[in-house]
Amino acid sequence: MADLPPPSLRLNLDEGALAANWRALDALSGTARAGAAVKADGYGLGAARVARALKAAGAQDFFVAHWSEAAELEGAIDMRRLSVLHGPLRAEDAAFGRALGVRPVINSVPQARRWLESGGGPCDLMVDTGINRLGLAPADLRDPAVAALEIDVLMSHLASADEDSALNALQLDRFRAACAAVPARRHSLANSAGIALGADYAFDLTRPGLALYGGVPRPELAGRIRQVARPQAAIVQVRMLSPGESVGYNATFTADRPLRAGVVSLGYADGFLRCRGQGALHHQGAALPLLGKVSMDMVVVDLSAAPQAGEGDWLDVPFDLPGAASACGLSQYELLTTLGRRLRA
Ligand SMILES: *Cc1c(COP(=O)(O)O)cnc(C)c1O
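The shown structure was predicted, so the numbers you read here are calculated from the model rather than taken from an experiment.

**So, the UniProt feature "modified residue: N6-(pyridoxal phosphate)lysine" (unreviewed entry) in the protein chain**
Part 1: What UniProt calls "modified residue: N6-(pyridoxal phosphate)lysine" (unreviewed entry) maps, in this numbering, to K39.
Part 2: Its location among the elements puts K39 in helix α2 (residues 39–43).
Part 3: Residues in contact with K39, not counting those within four places in the same chain, are F63, V64, A65, E69 and L85.

Here is the structure:
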């Protein structure tokens, strides 16, 4: 097949910033080691690529949610250091996990039995300490199937680590009780926000995701976390608008003066959702307000502040996560994980 022509949309990934964020979170984890959550395709940035970069920075333990996500990391990291958070829902999952050599996170007594029946081997165990999502209830920890497991990481997940909530200390107490009840090689409680809660929450292994990729879930992390993802989109057409002409679906913008407009190769299919329509793209620092609605593959900007910008020129898409999230009412997680695949063409 012929070579692909250059794209009109791209995602610049600052691997230096990604590595620096991991090192900062590892240092903040104190005597614990920081791992890395690379689920949801590396929070939208490309799982294999970010896993390789994080491994080069020093990360050893990785976490994904799905079995398909584990398969995608083969060759990028040591499979024995990969945990699959959803665990074995079916016998096929357990067989697949054994074949791949990864560790399932056991979330229930039936999952524990299923893993043992498949032949068992090293696994992790999730205990639910109050989020009421996946994980065994503390009372289930006494089950003989749990006692028969070969547990590497005993873990739990915080519900409100990004807030100053009484639930944090309650979950910490319950997790300590679980650690006393079940033998395991290592213990792990904190996600990105949990790392900022202090040394009590760090145990042996922390599991940051969001903050690796530039998200700032708690004020303590501000100034320590660098922006990693910088999307850019090209102007694909320049057009002159006359007063009275409208732009885009439903004609929500009408020019009140002659206006030079740029049609940009970026749309909601790329994760640039309509809630971002009040914002601007940038050309060499100049803010170019959006005109009309965001379409699937295009947005239109006012080029008045960049008279020299023309077809083929790249525009910067603001992606400072805390700022972009608060501007459009989405979580920083949603902004990352909805980034479309076309950005990585
Ligand atoms: C997603 C996830 C993490 C990472 O959380 P962040 O808030 O992104 O740091 C850690 N642990 C578990 C169990 C998760 O599901």
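**Overview of the nonpolar core**
When a protein is soluble and globular, its nonpolar side chains tend to lie buried together.
Part 1: One finds L45, L54, Y213 and L281 to be the most contacted residues of the largest nonpolar core, which totals 70 residues.
Part 2: Of all the elements, helix α3 (residues 47–57) adds the most residues to this core, at 6 residues.
Part 3: When we break this core down by domain, the ones giving at least three residues each are domain 1 (13–214) and domain 2 (229–344).
Part 4: Ignoring any residue separated from it by four or fewer positions in sequence, one finds L45 in contact with L11, L13, V50, Y213, V228, A229, L336, L339 and R344.
Part 5: If you look at the next biggest cluster of nonpolar residues, it comprises 25 residues, including W115, I151, V182 and L189.

**Here we look at the pairing of strand β8 (residues 150–155)**
A regular strand places its side chains on the two faces of the sheet in alternate fashion.
Part 1: The buried count for β8 comes to 5 of 6 residues, which makes it a mostly enclosed element.
Part 2: Bridge count for strand β7 (residues 122–126) against β8 is 4 bridges, and the pairing is parallel. Bridge pairing in β8 links P122 to E150.
Part 3: Examined bridge by bridge, β8 and strand β9 (residues 186–188) share 3 bridges and lie parallel to one another. By the bridge assignment for β9, V153 is matched with R186.
Part 4: Tracing the backbone out of β8, into helix α8 (residues 166–181) and back to the parallel element β9 gives a crossover that is right-handed.

What counts and how
- Residues numbered from 1 in each chain as written.
- Predicted model: local features only at pLDDT ≥ 70, side-chain atom pairs only at ≥ 80, totals over all residues.
- Heavy atoms only, no water.
- UniProt positions renumbered as here; feature names shortened; annotations may be inferred.
- Helix = DSSP H or I, 4+ residues; strand = E, 2+ residues; numbered from the N terminus.
- Contact = heavy atoms within 4.5 Å.
- Core = buried A, V, L, I, M, F, W, Y, C linked by side-chain atoms within 4.5 Å.
- Buried < 20%, exposed > 50% of the residue type's maximum accessible area, 1.4 Å probe, protein only.
- Domains from an automatic or database assignment.
- Pairing = 2+ DSSP bridges.
- Right-handed = clockwise from strand over helix to strand, strands pointing away.

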